[in-house]
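Examination of the molecular architecture
Below are the chains, spelled out letter by letter.
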Amino acid sequence: MGRLLRYVVVRALLIIPTILILYTLIFIILRVIPGNPILSALGTHYVPPEILKEKMHRLGLDKPLYVQYFDYLWRVLHGDFGESMVIEGRSITHDLAYRIPATIELTVWGFTVSVLLGILTGTIAAVKRGSRIDYAMRVYGIVAYTLFIPWLGSLLILLFSVYLGWLPSGGRLDPSIDLDRITGIYTLDSLITGNIYAFVNALKHLVLPSITLGIVLSGAYTRLVRSNLSDILQADFIRAYRSRGLPENKVLLYALRNAMIPIVTYMGLQLAILLGGAVLTETTYSWPGLGSYLFEKIQYRDYSAIQGTIVVFAFIVGVVSLIVDIIYALVDPRIRY
């Protein structure tokens, strides 16, 4: 137990340099890009020099770069992500806290769809190995992985929202629905408050974004599950199960459980891609999460907001990777810690 705790602590400490590296990179990139953030925020090419100077002084942009770097880092360490450069006095910490639940909700549902689709198609391909169904599933995996999220999202909106009118094309909830915000995760809040109508409505809004994200990310799972499960199904212990007359569905269940170890690891790695995909999905479906927030702030070159969002993204990815590492260490006895 002591060794496991030490392993967890070491892995947790590794999150810090990850955040620092990403913060440093985004800080440098923002300062290297030509142009003035004040002019971008105001949406004009000219501002009187005295006003520009006053605004830059107020935002601390006239300080040396190393001072700006450590000033912001010091704030972040105290849980303060600064103020927006676009909306005066607007707390970025408040914005991030408001947007995070929306991204978590979309990420969880998109992740669930991708894993279920990937395991289903990968299992079918492994069981029907060498058949036309296997080839079809492999082609699905390749095509799904290469799909461009905005293209797929627009196609689904056109079909299910515009032509059929079955599902909403964007947002999280109909404006006419009044829902008490508790956690900010609408499906959860509606269940807590017993508002079934809001729950159904929130689910309807989640269907298209989750399917879009899920389909694109399921391709990698399809190929990974097929590859691992195919090998496991040829293993000696599987032949032993079959020779004892064990039903095929139980044999498949045992094989799938053994094939899941590398897949669990991949789930953690997939989160970074999932959050990247969430940026595109949120902008496609007008989903008010961290991704659309980052996209909006990049357009205005809001330094503090961009840096804060990247730090939060890095922290979330680091924590989930840590959880996956712990699960992997507990599940796989070959892992030394």
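Right, let's walk through the structure included here. (Residues numbered from 1 in each chain as written. Predicted model: local features only at pLDDT ≥ 70, side-chain atom pairs only at ≥ 80, totals over all residues. Heavy atoms only, no water.)

Notes on unusual backbone geometry
One non-glycine residue, S286, adopts positive backbone phi at about 50 degrees. Positive phi is not limited to glycine here, since R301 has a value of about 55 degrees. Relative to the helices and strands, R301 resides in the loop between α13 (290-300) and α14 (303-331). With a relative accessible area of 10%, R301 lands in the buried category. (Helix = DSSP H or I, 4+ residues; strand = E, 2+ residues; numbered from the N terminus. Buried < 20%, exposed > 50% of the residue type's maximum accessible area, 1.4 Å probe, protein only.)

What about the side chain of S210?
Mapping S210 onto the fold places it in helix α10 (residues 196-233). With sequence-adjacent residues up to four places away left out, S210 is seen in contact with L106, W109, G110 and V113. (Contact = heavy atoms within 4.5 Å.)

Looking at the nonpolar core
In this structure, Y23, F81, I92, L96, I306, V311 and F313 are the most contacted members of the largest nonpolar core, which totals 32 residues. If you look at the next biggest cluster of nonpolar residues, it comprises 17 residues, including V115, A235, I238 and A255. (Core = buried A, V, L, I, M, F, W, Y, C linked by side-chain atoms within 4.5 Å.)

Quick notes on the side chain of H205
Mapping H205 onto the fold places it in helix α10. On the basis of relative accessibility, which here comes to 4%, the residue H205 falls in the buried class. In terms of polar contacts, H205 uses its side chain to reach the backbone carbonyl oxygen of N201, at 2.8 Å. (Polar contact = N/O pair within 3.5 Å; in protein donor to acceptor, adjacent residues only side chain to side chain.)

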